[in-house]
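Secondary and tertiary structure notes
In case you want the letters, here they are:
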Amino acid sequence: MNEYKIPAQTRIGHVHLKVSDLQKSLDFYCGLLGFDKMMMYGDQAAFISAGGYHHHIGLNTWHSKGASPAPAYAPGLYHTAIVYPERKDLAVILQRLIDAKYTITGASDHGVSEAIYLNDPDQNGVELYWDRSKELWPKDDHGDMTMFTKRLDIEGLLALAK
């Protein structure tokens with residue numbers, strides 16, 4: 001079989017999450033994180049986006065209404081990652097989470113990006129991050145990208161939110 005490489009312009013279009021309570025999920029993703037509700041599919045699903053796209057995230061209760069969160073130690077989605085255009089945008093949402101007293105489960109500098117971690121109402125992991133420009137990515141002695149996990153400079157980040 002010939003080696004196949006996916007086209008470089010390929011991207012992830014959207015994520016569709018099974019949720020237990022559609023309104024709680026809308027309150028989190030739209031009310032707290034600021035996504036726009038694009039469409040409701042009856043009382044069972046909602047499609048939300050940033051910037052008017054048809055949907056970046058689908059939320060549905062088709063097989064999960066009233067269900068408990070998935071076990072932490074089972075196969076499944078680790079987290080949904082939401083990339084912000086600028087570091088200042090990440091600072092603003094971090095300040096918003098702090099002001100709302102929303103539980104943040106982690107914060108890291110990965111060299112290529114800076115990230116804030118939290119869980120949605122169904123305990124699905126959510127990563128909020130921004131990417132550094134490719135020229136700033138850390139590289140080893142051979143010029144290969146190296147990622148790491150270091151303490152995020154939260155104070156420096158929050159200074160941008162003012």
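Refer to the preceding data block for the structure.
These lines cover the structure that appears in this document, whether it is placed above or below. Just so it is clear, the structure is predicted and the values come from calculations on it, not from any experiment.

**Considerations on helix 2 (residues 87-99)**
For helix 2, spanning 13 residues, the distance from its first C-alpha to its last is 18 Å, which sits close to the expected 18 Å at 1.5 Å a residue. Buried within helix 2 we find L90, A91, I93, L94 and L97. The positive-phi residue at the C-terminal boundary of helix 2 is K101, with phi of around 55°.

**Points about the sheet that holds strand 4 (residues 57-60)**
Reading across the sheet, the 4 strands line up as 1-4-3-2 and stay open at both edges, with mixed pairing between neighbours. Of all strands in the sheet, those bounded by a partner on one side alone are strand 1 (15-18) and strand 2 (36-41). The mean angle between the axes of side-by-side strands here comes to 20°, regardless of whether they run parallel or antiparallel. Looking at chain direction, strand 1 and strand 4 are connected through 4 bridges and run parallel. Among the inter-strand pairings, K18 is bridged to a residue of strand 4, identified as N60. Where helix 1 (residues 22-32) meets the sheet, its contacts fall on strand 1, strand 2, strand 3 (45-49) and strand 4, and the angle it forms with strand 3 comes to roughly 5°.

Analysis parameters
Residues numbered from 1 in each chain as written. Predicted model: local features only at pLDDT ≥ 70, side-chain atom pairs only at ≥ 80, totals over all residues. Heavy atoms only, no water. Helix = DSSP H or I, 4+ residues; strand = E, 2+ residues; numbered from the N terminus. Expected span 1.5 Å × (residues − 1). Buried < 20%, exposed > 50% of the residue type's maximum accessible area, 1.4 Å probe, protein only. Pairing = 2+ DSSP bridges. Axes fitted to C-alpha atoms, helices over the stretch in contact; angles between N-to-C directions. Contact = heavy atoms within 4.5 Å.

Honestly, it's all geometry; don't read function into it.
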